[in-house]
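Listed here are the chains, written in short residue letters.
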Amino acid sequence: KPLLEKVAAFEAGNVAKSRLQTLTDKLKDCRDESFKAKALKDFARMTFATEDAFTEYLTETEADVKIANQGAADSGLSAYGRPTVADPSGGGKEATDQEISAIMEKMGI
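Fair warning: this is a prediction, and the values are worked out from it, not measured in the lab.

A. Structural detail: the packing of aromatic side chains. Applying the stated rule across the entire model yields five aromatic pairs. Taking the centre distance of 6.2 Å and the plane angle of 25 degrees together, the rings of F43 and Y57 count as stacked. Taken together, the residues span a long stretch of sequence, with F43 in helix α2 (residues 33–43) and Y57 in helix α3 (residues 51–78) at a distance of 14 residues. A single burial state applies to F43 and to Y57, both of which are buried. Through a chain of ring-to-ring contacts, three or more aromatic side chains come together here, namely F43, F48, F54 and Y57.

B. Representation of a nonpolar patch on the surface within the structure. On the surface, I103, M104, M107 and I109 cluster together to form a nonpolar patch covering roughly 420 Å² of accessible area. The topology assignment puts M107 in helix α4 (residues 97–107).

C. Structural view of the environment of T47. Topologically, T47 is positioned in the loop between α2 and α3. On the basis of relative accessibility, which here comes to 74%, the residue T47 falls in the exposed class.

Analysis parameters
Residues numbered from 1 in each chain as written. Predicted model: local features only at pLDDT ≥ 70, side-chain atom pairs only at ≥ 80, totals over all residues. Heavy atoms only, no water. Phe/Tyr/Trp six-rings, centres within 6.5 Å; stacked < 30°, edge-to-face > 60°. Helix = DSSP H or I, 4+ residues; strand = E, 2+ residues; numbered from the N terminus. Buried < 20%, exposed > 50% of the residue type's maximum accessible area, 1.4 Å probe, protein only. Patch = residues over 30% accessible without salt bridge, like charges linked within 9 Å, V, L, I, M, F, W, Y side chains within 5 Å. Areas by Shrake-Rupley, 256 points an atom, 1.4 Å probe, with all protein chains shown as cover. Salt bridge = Lys/Arg side-chain N within 4 Å of Asp/Glu carboxyl O.

What follows is the structure, given as structure tokens:
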């Protein structure tokens, strides 16, 4: 019986390592370092009854990474402010929505 317990513990350790590696792979493209650190920290406290439960967790985490990446991108872009366009007086002025749309149309965006 003690040998079976040791084997079971060894197998559980291998499963945990494999799952951690899989999660780490899913998080490698995450640009939000605080989200990544929290996900890894929380993972150490989790248990999954079945492989399907772990797969479901990974799917949800992938979706959360996309949301975190979008939040990081939005935060980065907000630092730039609104675009400016040339002003006839020689300076620049804040672009209107119509001017931005016209430029994006010319760019094919």
